[in-house]
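Commentary on secondary and tertiary structure
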Amino acid sequence: SEEQQPYRTAYHFQPPKNWMNDPNGPMYYKGIYHLFYQYNPYAAVWGNISWGHSVSYDLINWILLEYAINPTDPYDINGCWSGSATILPGEKPVILYTGDDFKKHQVQNLAVPKNLSDPLLIEWVKSDHNPLMTPVGDIDPNFFRDPTTAWQGPDRIWRVVVGSQIDGHGMALLYRSKDFINWTRSQDPLHFSLKTGMWECPDFYPLDIKGENGLNSSVQGRATKHVLKASFNDHDYYIIGDYEPQTDSFEPQTDFMDSSFQLRYDYGNFYASKTFYDSSKKRRILWGWILEADSKTDDINKKWSGLQSMPRRILLDKNGKQLIQWPIKEIEKQRAERVNYQNKELKGGSVFEIEGVMAAQADVEVSFDLPNFEEAEFMESQFVDPQLLCSQKNASTRGVIGPFGLLVLASKDLTERTAIFFKIFKGHDKYVALLCSDQSRSSFREEINKTTFGAFIEIDPHRENISLRTLIDHSIVESFGDEGRACITARVYPELAIGEEAHLYAFNYGSQSVTITSLSAWSMKAAQIAPIQKRRRPP
Ligand code: FRU
């Protein structure tokens, strides 16, 4: 019941029990979305990793299927780790995944659907040629995993990258193949960094410079930019640049860990993500693993661990310098009761309750009219870590323009609350909005990681308003600042503010008043996540 399981989500994907980590092999195939995931069939802790498999018509409601890939062979007996799907010509989906083999060496394997006429693709068979790529030469068998979706160059040759670390440096090893079976390692990696360690779950894909449509991974050319994402230091970092398939060179505009300012998909809790191209709606969609922030003992007691983010549509910002993410529009079908406010002034120091929606299960969109920037506090943003700034000056610290924003999963007396807010700063030659997600008072419970998160958004001096959208779902709070220019996801475990006891507020603890231009909040209907009828097995 909800009383025993106050933290289970209602409209975020989640299996009924046990451990889940990375999203794997997402794809759209013949009218159906497939999501696979790293899954432990036996417990709420990491281990025995199999590929869980669920399918959906709308990315919101899911049918849980049998495991697609299980650790049964010498080349994956210690775990079927992360990988990706590629749809080969003739509408033939295949999966490349990492096996932890009988020697605990990481190798890359291929699996294909047993029966292409089954639209659910329930059964997968492993290739007789496995393993296809093995850690030879300078590749450390402990650092060789997570193949991407493959792409084809104009020469029709397939390329794929595999995450690695050689001599302590993170890299995306490049392999080429004509037949998807025989793979040859390229002398040069697609990219590497002297400033990071192991790259987990790399992702590499094109985006249209002008249009809003997503692109198939094999599209190249002058109208595209390529994104390279790598997972390290507990975060998903990305760089944007030009990819040249003739030479397989990738020239990024900025590089990983180059400056204090780092591009990340999400500045909160979000890891090991993967994108796919949705050919039906011509968009690129991102899924990320949202870890628990409670203890391992809590996970064992509640019998589950791990969520997937709301699928997000990815676009290139007009300036070409960063990505924009927005929850897929299908989620709006889950919106039920709505409350709406317009032109509501929030005087300095005020808090007001948004009543009439299920505050534990809601979607909130708000836009604030900003006061004159002349008054903004001074800060040299390039020398400051936004996360540190958010934790030093949290939601309770009064400012000038801000903190203003939302208090979510809050108890009636506000002793428990997660605060998502903006503060505006003036630098020498620019203005920045600081977006914070402050978990420091999210729960009275102990042994919960309540780290506060933060991100900067550059704004020009004529900027008149700034928006925030927050998806609240019992123990996950996903926030999209400035139309998706900065995203922060948090996991919270309130003790009082659960179920019907959760409240939602707007607040302004700055000295300047700000006006809510408009605020809409909706209760969200629960998604259906149901197992498929199981085949009978002998006892
Ligand atoms: C990332 C990761 C991957 C690996 C998988 C194992 O979270 O460590 O590198 O393939 O999880 O479950």
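Definitions and cut-offs
Going along each chain's sequence as written, the residues are numbered from 1 onward. The predicted nature of this model means local features are confined to residues of pLDDT at least 70 and side-chain atom pairs, given and counted, to a pLDDT of 80 or more, with totals for whole chains, interfaces and linings taken over all residues. Based on all heavy atoms of the structure, the side-chain values leave hydrogens and waters out of the count. Whether a residue is near a molecule or strand depends on its heavy atoms: if one lies within 4 Å, it is near. In protein, a polar contact means a hydrogen-donor-capable atom and an acceptor-capable atom, both N or O and within 3.5 Å, with residues adjacent in sequence counting only if both atoms are side-chain atoms; elsewhere, any N or O pair within 3.5 Å suffices. All accessibility values rest on the Shrake-Rupley procedure with a 1.4 Å probe; residue burial counts only the protein chains present in the view. All amino acids are sorted into three groups, where Ala, Val, Leu, Ile, Met, Phe, Trp, Tyr, Cys and Pro are nonpolar, Asp, Glu, Lys and Arg are charged, and the leftover types, Gly among them, are polar. The working definition used for a salt bridge is a side-chain nitrogen of Lys or Arg within 4 Å of a carboxyl oxygen of Asp or Glu. Relative accessible area decides the class of each residue, using a 1.4 Å probe on protein chains only: under 20% of the type maximum gives buried, over 50% gives exposed, and in between gives partly exposed. Each domain span listed reflects an automatic or database assignment of domains. Summed over both partners, the accessible area (1.4 Å probe) lost when two parts come together is defined as the buried area. Secondary structure is summarised from DSSP: a helix means a run of H or I of at least four residues, a strand means a run of E of at least two, and numbering begins at the N terminus for each. Only heavy atoms enter the contact rule, under which two residues are in contact if any of them lie within 4.5 Å. What is meant by a nonpolar core is a set of buried Ala, Val, Leu, Ile, Met, Phe, Trp, Tyr and Cys residues, joined one to another through side-chain atoms within 4.5 Å. At least two DSSP bridges between two strands are required for those strands to pair. Only a pair of cysteine sulfur atoms within 2.5 Å counts as a disulfide in this structure description. On a range of 0 to 100, pLDDT expresses the predictor's confidence in each residue.

1. Brief notes about the site of the ligand
In the neighbourhood of the ligand, the contacting residues comprise Asn21, Asp22, Gln38, Trp46, Trp81, Ser82, Arg145, Asp146, Glu200, Tyr271, Ala272 and Trp289. Gln38 places a polar side-chain atom, nitrogen or oxygen, 2.6 Å from an oxygen atom of the ligand. Note that an oxygen atom of the ligand is positioned 2.5 Å from one of the side-chain N or O atoms of Asp146. Relative to its unbound accessible surface of 320 Å², the ligand loses 91% to contact with the protein. Of the residues belonging to the shell around the ligand, the class tally is five nonpolar, three polar and four charged.

2. A word on the pattern of salt bridges
Following the criterion strictly, the structure yields 30 salt bridges and no others. In this structure, Glu123 engages Lys114 in a salt bridge whose closest nitrogen and oxygen atoms are separated by 3.7 Å. Between Arg283 and Asp278 there is a salt bridge whose closest N-O contact spans 2.8 Å. Take Arg283 and Asp278: they sit in the same class, and that class is buried. Salt bridges sharing common partners tie together Glu292, Asp294, Asp299, Lys302 and Arg491.

3. Quick word on the domain arrangement of the chain
Accessible area lost when the parts come together is the quantity often used to give the size of an interface. For the chain, the domain assignment lists domain 1 (18-327) and domain 2 (335-524). Here the C-alpha centre of domain 2 lies 32 Å away from the C-alpha centre of domain 1. Interface area lost by domain 1 to domain 2 is led by Tyr267, Ala293 and Trp326, which between them contribute 29%. Here domain 1 is connected to domain 2 by four salt bridges. Between Arg485 and Asp317 there is a salt bridge; the shortest N-O distance is 3.0 Å. Our count for the contact surface shared by domain 1 and domain 2 stands at 15 residue pairs in polar contact (both at pLDDT 80 or more). The leading source of residues in the side of domain 1 that touches domain 2 is strand 24 (residues 323-327), at five residues. Among the residues forming the side of domain 1 that touches domain 2, the class breakdown is twelve nonpolar, seven polar and six charged.

4. Re the environment of Ala376
One can find Ala376 in the loop between strand 27 (361-369) and strand 28 (377-378). By relative accessible area, Ala376 is classed as buried at 6%. Along the sequence, Ala376 and Ile209 sit 167 residues apart, while their C-alpha atoms lie 34 Å from each other. Filtering out sequence-adjacent residues up to four positions away, Ala376 remains in contact with Ile401, Ile424, Phe425 and Lys426.

5. Brief notes about unusual backbone geometry
For the bond from Asn130 to Pro131, the omega torsion is -10°, close enough to zero to count as cis. As for its placement among the helices and strands, Pro131 is situated in the loop between strand 8 (124-126) and strand 9 (144-145). The omega torsion of the bond from Gly402 to Pro403 falls at 5°, within 30 degrees of zero and hence cis. Tracing the backbone through its elements, the reader meets Pro403 in the loop between helix 2 (386-392) and strand 29 (404-410). Residues other than glycine seldom take positive phi values, yet Asn343 does so here, at roughly 45°. Counting through the fold element by element, Asn343 comes out in strand 25 (residues 335-346). You can call Asn343 exposed: its relative accessible area is 58%.

6. A few points about the nonpolar core
The biggest cluster of nonpolar side chains holds 46 residues, and the ones touching the most others in it are Ile354, Phe404, Ile424 and Leu504. Listed in part, the 24 residues of the second largest apolar core include Tyr11, Leu35, Tyr39 and Phe276.

7. Focus on the sheet that holds strand 4 (residues 62-64)
Pairing within the open sheet is mixed, and its six strands lie in the order 21-1-2-3-4-38. Bordering the open sheet on either side are strand 21 (304-305) and strand 38 (529-531), each of which pairs with just one other strand. Across seven bridges, the pairing between strand 2 (residues 32-40) and strand 3 (residues 50-56) is antiparallel. Bridging from a neighbouring strand, Tyr37 pairs with Gly52 of strand 3.

8. Some remarks on the state of the cysteines
Counted according to the given criterion, the structure contains one disulfide. In this model, Cys390 is linked to Cys436 through a disulfide, with the two sulfur atoms separated by 2.1 Å. The chirality of the disulfide connecting Cys390 with Cys436 is left-handed, given an S-S dihedral of about -75°. Highlighted residues: Cys390 in helix 2 and Cys436 in strand 31 (residues 431-438), separated in sequence by 46 residues. For the pair shown, Cys390 and Cys436 are each scored as buried.

9. Notes on the confidence of the model for the chain
Averaged over all residues, the pLDDT of the chain is 96; the fraction at 70 or higher stands at 98%. Per-element averaging of pLDDT across the chain places strand 28 at the bottom with 92 and strand 7 (residues 106-113) at the top with 99. For this predicted complex, the interface confidence comes out at an ipTM of 0.99, alongside a pTM of 0.97.

10. With respect to the side chain of His474
With respect to the element layout, His474 can be found in the loop between strand 33 (465-473) and strand 34 (476-481). With a relative accessible area of 7%, His474 lands in the buried category. A polar side-chain atom of His474 sits 2.8 Å from a polar atom in the side chain of Gln361.

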